[in-house]
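Examination of the molecular architecture
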Amino acid sequence: MDNKFPPLRNDLVLRAARGEVTERAPVWVMRQAGRYLPEFRKMRESHEFFEICRTPDLATKITLQPIQRYTGLVDASIIFSDILVIPQAMGMEVLMNPGPHFPDPLVTPADISKLSDVIDVQKELKYVFDAITQTRRELNGEVPLIGFCGAPWTLFAYMIEGGGSKTLQKAKTWLYRYPEESKALLSRIADVCVDFLVGQVRAGAQVSLHPSSSADLLLSKSQLLQVFDSWAGELSPYDFTTFSYPTIAHISTNVRKRLVAENLPSTPLILFAKGANHALGFLAENAGYDVLGLDWLIDPVEAQRIVEDKVALQGNMDPNVLYGGRDAIEATVKRMAEGFREGKGGWIANLGHGITPGVDPEDLRWFFECVHKYSRR
């Protein structure tokens, strides 16, 4: 594939992801294209959630909505999709009404036989790859595009719980009652994640195997990948190390190997293991990611002390501050920026989790403006 994309005009997030101390912090937010935007809600009036995900034209329009609204303020886009497209590709039915629901979840290990034996990611998730290619073109080089997947433990939990859960009792029962079967399923999910992430790079990366100039090199690397382990913090440190970490490391190791083997561009990898701050140092040393995302439960100064300069950091304002008014937003961003400025490596400003539906889009604009103001070096 020889995708031709416009030259990238804003590489700030890529430089920060590689560990560079940038002139100001690049900024984007998780769930950036979503329900807080009236233009998104308008589209949802006539289109079902997964219909949008599976229709490249619609997914592209949704992805571009915040870029168009916040032109010049946001430094990355993230493709509109959902982490649960992987269970769908594995043969499970997933509905969104309004939260995720699995009509036929996995109850015992015997139910694993209901999953597809062979998953052709290029076929099952072609709609995501098509949306990435189309979005890269329509971004016209304004900002890089982030692809993503859910981490195996988080996907495993959804597949067994049948939706969201406050206790994850069913998923944890599997870990303790069926540890070997759980590890086998987690490994199987991890292999699909690898195929999916590599496919996203293939869809969004210009083939430039031997760049003739630094500009060509920059163009060939204008994409990032993020792995969301949204439920990492629900595991004890031992269980996180036993069940989640091996699959997270498997993804980074094998994505990098595959990119080299297929002559695809080297792509920065971001890991967001929400709630697993106990493992921050271990992940920085061993997990193989360029950037670690932080939730709001750790101070930036402490996080930087732990990771030193091994990885860049991303985060970490509490999303609920966006409901507190502009004075609260400004004060929190200023404090956050002062904390991260003490570090030696790259910092990507973000929230400590996804933006929630009730946020006023103009308050998010103020967040972006405050990051621009207070993160300058």
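None of these values were measured; they are calculated from a predicted model.

This brings us to helix α8 (residues 152–161). Counting along an α-helix, one turn takes 3.6 residues, and residues three or four places apart therefore face a common direction. Within α8, 10 of the 10 residues are buried, which leaves it mostly tucked inside the rest of the structure. Listed as buried for α8 are P152, W153, T154, L155, F156, A157, Y158, M159, I160 and E161. Positive phi shows up at G162, right after α8, with a value of about 85°.

For the largest pocket, the calculated volume is near 940 Å³. Surrounding the largest pocket, 33 residues form its lining, R31, R35, F49, S81 and D82 being those nearest its centre. The dominant element in the lining of the largest pocket, judged by the number of residues it contributes, is helix α2 (residues 38–44), at three residues. The volume enclosed by the second largest pocket comes to roughly 240 Å³. Lining the second largest pocket are 14 residues, and of these D299, P300, N316, R335 and M336 lie nearest its centre. The set of elements that each furnish at least two residues to the lining of the second largest pocket consists of α14 (300–307), β8 (312–317) and α15 (326–341). No other element matches the five residues that α15 contributes to the lining of the second largest pocket.

Now for the pairing of strand β5 (residues 223–229). Within β5, seven of the seven residues are buried, which leaves it mostly tucked inside the rest of the structure. Burial along β5 is two-sided: the face carrying Q223, L225, V227 and D229 and the face carrying L224, Q226 and F228 are both buried. The sheet contact formed by strand β4 (residues 145–150) and β5 spans six bridges and is parallel. For G150, the partnering residue across the bridge sits in β5 and is F228. Here five bridges tie β5 to strand β6 (residues 269–273), and the two strands are oriented parallel to one another. Bridge pairing links Q226 to I270 in β6.

Bringing the pattern of salt bridges into the picture now. Per the stated rule, a full pass over the model turns up 21 salt bridges. A salt bridge links E20 to R15, with the shortest nitrogen-to-oxygen separation between them at 2.7 Å. Under the relative-accessibility criterion, E20 is labelled partly exposed at 35%. When the shortest N-O distance is used, the salt bridge between R202 and E262 registers 2.5 Å. Here E262 lies in the loop between α12 (237–261) and β6 and R202 lies in helix α10 (residues 179–204), a separation of 60 residues in the sequence. Through salt bridges that share partners, D11, R15, E20 and E23 make up one connected network.

All right, on to the environment of I248 then. Tracing the chain through its elements places I248 in helix α12. On the accessibility criterion, I248 (0% relative accessible area) is buried. Residues I248 and S187 lie 61 residues apart in sequence; the distance between their C-alpha atoms is 9.8 Å. Each residue touching I248, except ones within four places of it in the same chain, is listed here: D229, F240, L271 and Y289.

A few words now on the sheet that holds β6. Within the open sheet, the seven strands sit side by side as β1-β4-β5-β6-β7-β8-β9. Their pairing is parallel. Strands with a single pairing partner mark the edges of an open sheet, and in this sheet they are β1 (77–78) and β9 (347–351). As paired elements, strand β7 (residues 291–293) and β8 share three bridges and run parallel to each other. Looking across to β8, one finds that G293 is bridged to Q314.

The rules behind these values
Residues numbered from 1 in each chain as written. Predicted model: local features only at pLDDT ≥ 70, side-chain atom pairs only at ≥ 80, totals over all residues. Heavy atoms only, no water. Buried < 20%, exposed > 50% of the residue type's maximum accessible area, 1.4 Å probe, protein only. Helix = DSSP H or I, 4+ residues; strand = E, 2+ residues; numbered from the N terminus. 1 Å grid on protein atoms, 1.4 Å probe; cavity = no way out; pocket = protein on both sides within 12 Å on 5 of 7 lines; lining within 4 Å. Points joined across faces, edges and corners; volume = space filled by probe spheres on them. Pairing = 2+ DSSP bridges. Salt bridge = Lys/Arg side-chain N within 4 Å of Asp/Glu carboxyl O. Contact = heavy atoms within 4.5 Å.

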